[in-house]
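# Structural overview for review
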Amino acid sequence: MLEITNQDKFGKVIADAIAKVELTVTDNQTKARWINAISKAAAQIEENGVFMTWQSETKSLLIWSQESNEIYSSNGVCSCPAFKRGFACWHRAAARLVRLYNEPQAEEMNNAPYLKPTIERKAERVGGIRIN
Ligand SMILES: [Zn+2]
């Protein structure tokens, strides 16, 4: 079961995903397909997250499809019929949204205590050898 607890972060991930398609996909038909896939993925995650499981080891999303009663495993590739025909599918869009949602954002990274230097240090040289 997949549960989105941070709606703000999830909303930002969706907005970023759509912006990325707008900026990087030049073919209008492909662009429209991916934007549809992202919209459907976002709606499916909200409504049917109970039928999905994120697998952090493989960074893939298992989706029990209500339409076909099959379970699809999706990350960069997907096991659904649309993917086999070379189309954009919402499963892949969903897997990407969930992966990005589960990754720490840049500002969260900056605030991580283990990434902060404990003291400001300047490199010093003694006889041509850098000592810190
Ligand atoms: Zn698929």
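Above this note sits the structure.
Report follows, based on the coordinates. Residue positions within a chain follow its written sequence, with the count starting from 1. Side-chain atom pairs in this predicted model are given and counted only at pLDDT of 80 or more, local residue features only at pLDDT of at least 70, and totals for whole chains, interfaces and linings cover all residues. Each side-chain value is derived from all of the structure's non-hydrogen atoms; neither hydrogens nor water enter the calculation.

### Section: the packing of helix H2 (residues 28–48) against helix H4 (residues 90–102)
Counted only if it meets this: Every axis corresponds to a line fitted to the C-alpha atoms, with the helix fit spanning only the stretch in contact, and the corresponding angles, defined between N-to-C directions, vary from 0 to 180 degrees. Starting at the N terminus, helices and strands are each numbered in turn, a helix being any DSSP run of H or I of at least four residues and a strand any DSSP run of E of at least two. Here is the rule for angles: anything less than 35 degrees is roughly parallel, anything more than 145 is roughly antiparallel, 65 through 115 is roughly perpendicular, and the remaining ranges are oblique. Should the near helix be turned anticlockwise from the far one by less than a right angle, the crossing is left-handed, and should it be turned clockwise, the crossing is right-handed. Residue contacts are defined here by distance: any two heavy atoms, one from each residue, within 4.5 Å place the two residues in contact.
Two numbers describe how H2 lies on H4: the axes approach to 8 Å, and their chain directions differ by 65 degrees. As the angle between them shows, H2 and H4 are arranged roughly perpendicular. Here H2 runs over H4; the crossing is right-handed. Of the residues in H4, those in contact with Trp34, Ala37, Ile38, Lys40, Ala41, Ala42, Gln44 and Ile45 of H2 are Trp90, Arg92, Ala93, Ala94, Leu97 and Val98.

### Observations regarding the packing of helix H1 (residues 7–24) against H4
Put simply, the rule reads: Basically, the charged four are Asp, Glu, Lys and Arg, the nonpolar ten are Ala, Val, Leu, Ile, Met, Phe, Trp, Tyr, Cys and Pro, and anything else, Gly included, counts as polar.
Put simply, H1 and H4 touch, their axes get as near as 9 Å, and they point 125 degrees apart. Accordingly, the angle class assigned to the pair H1 and H4 is oblique. Classified by chirality, the crossing of H4 by H1 is right-handed. Residues Lys9, Phe10, Val13, Ile14, Ala17 and Lys20 of H1 form the contact with H4, whose own contacting residues are Arg96, Leu97, Leu100 and Tyr101. The residue inventory of the contact of H1 with H4, partitioned by class, reads seven nonpolar, no polar and three charged.

### Looking at the sheet that holds strand E2 (residues 60–64)
Note the following rule: Pairing between two strands is assigned when DSSP locates at least 2 bridges connecting them.
Overall, antiparallel pairing links the three strands, which are arranged E1-E2-E3 in an open sheet. Taken across any chain shown, the strands that pair with only one partner, and hence form the sheet edges, are strand E1 (52–55) and strand E3 (71–74). Ignoring which end each strand starts from, the neighbouring axes of this sheet average 15 degrees apart. Where E2 and E3 come together, four bridges link them in antiparallel fashion.

### Some details on the packing of aromatic side chains
Condition: Only the six-membered ring of Trp is used, alongside the rings of Phe and Tyr, when aromatic pairs are assigned; centres must lie within 6.5 Å, and planes under 30 degrees apart are stacked while those over 60 apart are edge-to-face, with the rest tilted. Accessibility here uses a 1.4 Å probe with only protein chains present; expressed as a share of the type maximum, an area under 20% marks a residue as buried, one over 50% as exposed, and anything in between as partly exposed. By definition, being over a ring means that NZ of Lys or CZ of Arg is both within 6 Å of the ring centre and within 35 degrees of the ring normal.
In this structure the tally under the stated criterion is two aromatic pairs. A ring pair is formed by Phe10 and Tyr101, whose centres lie 5.7 Å apart and whose planes are at 90 degrees; its orientation type is edge-to-face. In this pair, Phe10 sits in helix H1 while Tyr101 sits in helix H4, placing the two residues 91 residues apart along the sequence. As far as burial versus exposure is concerned, Phe10 and Tyr101 are alike and both buried. Ring centres of Phe51 and Trp64 lie 5.1 Å apart, and the angle between their planes is 85 degrees; this geometry places the pair in the edge-to-face category. Here Phe51 is found in the loop between H2 and E1, whereas its partner Trp64 is found in strand E2, with 13 residues between them in sequence. Residue Phe51 is classed as partly exposed on the basis of its relative accessible area, which comes to 26%. Judged by its relative accessible area of 36%, Trp64 is partly exposed. When the ring centre of Tyr101 is taken as origin, the NZ or CZ atom of Lys9, which lies over that ring, is 5.7 Å away.

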